[in-house]
Amino acid sequence: MKDRRWFTVGGVAALLLSGLAVATPRTAKRGSSPFVQTDGNSFTVNGSKFRYVGTNSYWLPVLNTEQDIWNTLGNISAIGAKVVRVWAFNDVATTPSNGTWFQLVQNGTVSINDGPNGLQKLDTVVQMAQQHGLYVTLTLTNNWYPSASNSTGSSLQSRGGTTEVTLPRNYLSNDYGGMDLYVHQFGLQYHDQFYTDQAILNAFQNFTSQVVSRYVNSPAIFSWELANDPRCGSTFPTSGSCTTETITEWHATMAQYIRSIDPNHLISSGTQGFMCTDCPKLYPLSPTPTPQPSPAPGTKKRSGPVTTEQLLRKRAESRRLNRRAAKLAGKLKEDGIRVRGRWTATATRRQQAPEVGSASDGSYGVDSQDIMNIPNINFGTFQLFPDQDSYAPNDPSLSSYQNVVNSGVDWITNQAQSANAVGKPLVMTAFGLVTQNNSADFVPFNMTIAPYASDTSYGVTNQQQTDAYSTWLNTSVSLNLAGMIQYQWGQQNLTAEAGTVISPGVTGITLSSRQVTSSSQSSDTTGESPNDGYSPISNQNDITGVMSQIVLVISNNEAPNNSD
């Protein structure tokens, strides 16, 4: 008989109670509500300020046993984390013979799996999280599904090593269905039709209502995240007519829809935080904040929005200071032409006009400030993945690693300024950096293969990863971010079953498990959690140590004698 000690009558009853209601946004003064609320730039729960460190475990609902889910959540809670971010979607184009799935999307029709290998698995995650004192952020779909063009929906992924291993469905974060699966199965061809086609919108709202209504009265839910990394493009091409307004309007529509169902929980976007400093706004700041002098020590001010002029000025000043430091240290690499004993810029460099870059000019069709200012969006979100996105041009006076660290600091700083201008809390919902130990497993979110599987030099060292995470987290704390969520959690000693996400010999008990034989595939009984290049198992103690340190810093900062 299965061990059910974590289920209590009260806990189950709280999760089963649900209903529809006319709702109001969850922005309120501090009260005694058990649901997380917002108060200016902060979260509150039960009348107290709530600031947190969390982790991503998109794969929690697909683990093979309830004991594995229980143990994983227990380990997460043990380091002081308070929020876990989980995929609340698992779309398939054909019904799989085994494993977990939530929704069948096939030839323009949809059906929900409410059985024990369906949404009941998500129920278990939410129930157990509450028992461990954790909140759950539930993400409703994903921008990325590179396998969408394969009509069977089967996994195409593999990773490097002496033996290529085909990864099981749901191993990678981009193998749970998502936007492009809808587009393909509804007979369309452009990624951004997910945002504009009425039939797809109806289907997605149907799934959303099924999930949201299950947990309307559960205080274990931290927030509803509309999508992971929504943008105009993906594996399927963009139509060419997708703009920042397209994405913003979709957010407003979906946020209003969820608010009509759920009056209790927060709603957020899930974007990478891409900006469009010069784009027209559907939800302009009102009144538009103007730059102000620095406030007196110990006081706070509302900043103005991030501007093109500011970004270019800060980058130029940073480069000047870094160049001076490199010159004083004798490490400056001259890259111009020597004329009469003086260095001048090359012709190419002289002709280059400064640009803010694709992360800030609207190239991705995302204006995170405009989305954040939607009334039913309760807080801002952004992500930080330097291995996959460029946030600013590299500074030639710095090493590649220092460029990564500094660009992360600048990205966090700009996001904090934007959220402060809007006047809402800000959460870094995912951040990660690939190490050399993980390079063979690193599959970018828009790909189906590990491009650096044979490159043993790709990635940073474990120590560099630890140092970068520490820098980014401490920067986030100093800038008053309300939440910081590491990507992703790593868990060992999970139950392995053939044909599931934790399959014998594929996610085995050793870090070199991708180099397997047919005999080991049948003999392994335990495995590790999925790893798309960011699992910290090889560096677990240091990473969890950094996270625990930040938990302690937050706790000390929010102590009663230091609170606002």
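Residues numbered from 1 in each chain as written. Predicted model: local features only at pLDDT ≥ 70, side-chain atom pairs only at ≥ 80, totals over all residues. Heavy atoms only, no water.

So what's going on with helix 3 (residues 119-131)? Residues and values would help.
The terminal C-alpha atoms of helix 3, which comprises 13 residues, lie 19 Å apart, in line with the 18 Å expected from a rise of 1.5 Å per residue. Across the 13 residues that make up helix 3, a large majority, ten, are buried. Along helix 3, the residues that are buried comprise Leu119, Lys121, Leu122, Asp123, Thr124, Val125, Val126, Gln127, Met128 and Ala129. Within two residues after helix 3, Gly133 carries a phi angle of roughly 75°, on the positive side. (Helix = DSSP H or I, 4+ residues; strand = E, 2+ residues; numbered from the N terminus. Expected span 1.5 Å × (residues − 1). Buried < 20%, exposed > 50% of the residue type's maximum accessible area, 1.4 Å probe, protein only.)

Please set out the sheet that holds strand 1 (residues 37-39) residue by residue, giving values where relevant.
Taken together, three strands build an open sheet; the order of strands is 1-2-3 and the sheet is antiparallel. Across the chains shown, the open sheet's two edge strands, defined by having one partner strand only, are strand 1 and strand 3 (48-50). Mean inter-strand twist for the sheet, computed between neighbouring axes without regard to direction, equals 50°. Alignment of strand 1 against strand 2 (residues 42-45), held across three bridges, turns out to be antiparallel. If you follow Thr38 over to strand 2, its bridge partner there is Phe43. (Pairing = 2+ DSSP bridges. Axes fitted to C-alpha atoms, helices over the stretch in contact; angles between N-to-C directions.)

Account for the packing of aromatic side chains, naming residues and giving values.
Applying the stated criterion across every chain yields a total of 37 aromatic pairs. Cluster of aromatic residues (ring-pair linked, three or more members): Tyr58, Trp87, Phe89, Tyr176, Phe385, Phe442, Phe445, Tyr452, Tyr458, Tyr487 and Tyr534. The ring of Tyr364 carries Arg231 above its face, with NZ or CZ at 4.8 Å from the centroid. (Phe/Tyr/Trp six-rings, centres within 6.5 Å; stacked < 30°, edge-to-face > 60°. Lys NZ or Arg CZ within 6 Å of the ring centre and 35° of its normal.)

For the pairing of strand 2, give the residues involved together with the corresponding values.
Side chains Ser42 and Thr44 project from strand 2 onto one buried face, and the interleaved Phe43 and Val45 project onto a second face that is buried too. Linkage of strand 1 to strand 2, two consecutive antiparallel strands, is achieved through a turn of two residues, within which Gly40 is found at a positive phi near 65°. Pairing analysis gives three bridges linking strand 2 to strand 3, with the strands arranged antiparallel. What sits directly across from Val45, in strand 3, is Ser48.

Any chance you could break down the state of the cysteines for me, citing the residues and the numbers?
According to the stated counting rule, one finds two disulfides in the structure shown. A sulfur-sulfur distance of 1.7 Å marks the disulfide that ties Cys276 to Cys279. Judged by the sign of its S-S torsion, about 55°, the bond between Cys276 and Cys279 is right-handed. When the bonded cysteines of the protein are numbered from the N-terminus onward, they pair as 1-2, 3-4. (Disulfide = S-S within 2.5 Å.)

Run through unusual backbone geometry, naming residues and quoting values.
That bond from Tyr487 to Gln488 is cis: its omega, -5°, falls within 30 degrees of zero. Of note, Gln488 is situated in the loop between strand 18 (483-486) and strand 19 (494-495). Within the chain, Asp229 stands out as a residue other than glycine whose phi angle is a positive 55°. Structurally, Asp229 is set in the loop between strand 12 (221-225) and helix 7 (244-261). Asp229 gets classed as buried once you look at its relative accessible area, which sits at 1%. The residue Asn493 is not glycine, and still its phi comes out positive at about 60°. Turning to its location among the elements, Asn493 is positioned in the loop between strand 18 and strand 19.

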